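Structural characterization, general
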Amino acid sequence: MQADQLILNIDWAITVDASRRIVRDAGIAIVDGKFAAIGKSAEIVAEWQSGTTIDAQHRVATPGLVDSHLHASFQLARGLADEVGTRPFLFTHMFPFEGALTEDDVYLSSLFAAMSLLRCGVTCFVDPGNYHPRATAKASLAAGIRVVLGRSAFDMTKAVLGILPEAMIETTGEALDRNRELVEWVAAENDPRLTPSVSFRGLSNSTDALITGCKEIADAAGCMLQTHACFNYSTRDDCLANFGLPEIERLDSLGVLDESILLAHSGWLEPHEVELVLRRRPSIVSAPSSSLHNGYGNLRQGRLPELIEAGVNIGLGSDHACSGITDIVQEMLLFAGTHKEVQMNPRVVPPERVVEMATINGAHCAGLAGSIGSIEVGREADLVLFDTDCPEWQPLFNPVSNLVYSATGNSVSDVFVAGERVVAGGRLTRVADAEILERVRESATRFGEKLDLGRLINSRWPVV
């Protein structure tokens, strides 16, 4: 049989297929951007031929990783919101930063995010939205990554936590119209790497009319609805103060809590809301580095390990560069290790669980279940090769253990999206890494002119 390309001699292939097979000395055949066969290299060579063959000796293969919650427009904000609480993080640091972003800024930030994600093995990410989502889409597609696109929406200018910048203030009608326009634009683009979603950014600054209106748009389009929920005690208390209900219960009372909604963070559930989650089955995204960086308490307070074992779909997200890393490989360790520590139980969250969160569960979070998330015949050929000549991969007795407990995304050598090699030898193939980094360096000067960086940067040591 004729394949478009063969990838052979893979030391270990972690398939995350229905049987969770790990194949030694594996070979993969790709046809029309999909996995056509996975098995022993000798078997693939005997049954398939191709003019393009890649020798993957000394490599571990995984499905393309999924970052289920990443603000691409915040990729230029690393170091601008350290050691601050929830209210100043949002209303003093990040919302003013976001309000100052131009369309060109968002394009560069999103291109930088796509570069960072791809080089760490992420082939698909879910963006909760900004005010220039088409720029995020164009940058992501230029790099070759899949993106689930949202548009930011608030319609309450003031909450207990603070007041939104003027540039981010919209009426309910404006916010709904712009969400509807984005969904229609994505449909017209008809790009298989671009998926629409409908987003309202959080419950504290969203009216009932906005939330239910977003749900109607999402249902009509057959796409996912997403929001932030329960990421801090402050947002829980804010929702109670403004609406008389905690966040998950409020969503349920409005009829929007179901399997088609994606909830970011969700560590601060009220006891009775756990039952609502188990009954309604929304997808939830944990963002470990974000909670650890900002002291949100999601990992200490949350019940996500228990919800995972009860069958709730939970993915992983890196949230934003403000928290330091955008590396889902490291997020796996942070999620597993922190819960083991908090519960003082080494058996909590075994490595296989977090690999599922970053692959097959992430596919479900992205609304792409059945298309991506595993190495199986018929699925999109999204694939990552890790270089096991890196010290963190040796000795290699159990590749799942090494992947979670010692590896980082920096050991990724090659990444394929729909069979296209978008990272080769650790460098992007569609765009120039060095050019992106140079433009990012130049952007720091522009933001210095727009923003009072001295107010945003918390450095306790003098710069001379």
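See the structure shown above.
Everything in this summary refers to the structure shown in the same document. (Residues numbered from 1 in each chain as written. Predicted model: local features only at pLDDT ≥ 70, side-chain atom pairs only at ≥ 80, totals over all residues. Heavy atoms only, no water.)

1. Focus on the environment of Ala241
Relative to the helices and strands, Ala241 is located in helix α7 (residues 233–243). For Ala241, a relative accessible area of 56% translates into the label exposed. Spatially, the C-alpha atoms of Ala241 and Val66 are 35 Å apart, while their sequence positions differ by 175 residues. (Helix = DSSP H or I, 4+ residues; strand = E, 2+ residues; numbered from the N terminus. Buried < 20%, exposed > 50% of the residue type's maximum accessible area, 1.4 Å probe, protein only.)

2. Let's talk about the environment of Pro351
Residue position: Pro351 is located in helix α14 (residues 351–358). Judged by its relative accessible area of 11%, Pro351 is buried. Setting aside residues up to four positions removed in sequence, Pro351 forms contacts with Val400, Val404 and Tyr405. (Contact = heavy atoms within 4.5 Å.)

3. So, the side chain of Ser411
Considering the arrangement of structural elements, one finds Ser411 in the loop between α16 (399–405) and β17 (412–417). Within the structure, Ser411 has its side chain in polar contact with the backbone oxygen of Thr408 (distance 2.9 Å). Not counting the four nearest positions on each side in its chain, Ser411 is found in contact with Leu385, Phe386, Asp387, Cys390, Glu392 and Trp393. (Polar contact = N/O pair within 3.5 Å; in protein donor to acceptor, adjacent residues only side chain to side chain.)

4. A short note on helix α3 (residues 103–119)
In an α-helix, one full turn covers 3.6 residues, which means residues spaced three or four apart are oriented alike. For α3, built from 17 residues, the straight-helix expectation of 24 Å at 1.5 Å per residue is met to within 8% by its first-to-last C-alpha distance of 24 Å. Burial within α3 is extensive, with 13 of its 17 residues counted as buried. Note on α3: the residue one or two positions beyond its end, Gly121, has a positive phi of about 90°. (Expected span 1.5 Å × (residues − 1).)

5. Digging into the pairing of strand β8 (residues 146–149)
Here β8 shows no split at all, with Arg146 and Val148 on one side and Val147 and Leu149 on the other all buried. The pairing of strand β7 (residues 122–126) with β8 spans three bridges and is classified as parallel. Bridging from a neighbouring strand, Val126 pairs with Val148 of β8. For the crossover from β7 across helix α4 (residues 133–143) to β8, the handedness is right-handed. In terms of strand pairing, β8 meets strand β11 (residues 194–202) through three bridges, oriented parallel. (Pairing = 2+ DSSP bridges. Right-handed = clockwise from strand over helix to strand, strands pointing away.)

6. Considering the packing of helix α5 (residues 172–189) against helix α6 (residues 208–221)
Running from N to C, α5 and α6 cross one another at 15°; their axes reach a closest spacing of 10 Å. By the criterion of interaxial angle, the relationship of α5 to α6 is roughly parallel. Here α5 and α6 pass one another in a crossing that is right-handed. Across from Thr172, Ala175, Leu176, Asn179, Arg180 and Val183 in α5, the residues of α6 making contact are Ala209, Leu210, Gly213, Cys214, Ile217 and Ala221. The class makeup of the residues in the contact of α5 with α6 is eight nonpolar, three polar and one charged. (Axes fitted to C-alpha atoms, helices over the stretch in contact; angles between N-to-C directions. Parallel < 35°, antiparallel > 145°, perpendicular 65-115°, else oblique. Left-handed = near helix turned anticlockwise from the far one by under 90°. Nonpolar A, V, L, I, M, F, W, Y, C, P; charged D, E, K, R; others polar.)

7. Quick word on unusual backbone geometry
Note the cis peptide between Gln394 and Pro395, where omega equals -10°. Position of Pro395 among the secondary structure elements: in the loop between β16 (383–387) and α16. Phi is positive for Ser266, which is not a glycine, with a value near 55°. In this structure, Ser266 sits in the loop between β13 (261–265) and α9 (271–280). Within the chain, Asp319 stands out as a residue other than glycine whose phi angle is a positive 75°. Topologically, Asp319 is positioned in the loop between β15 (314–316) and α13 (328–343).

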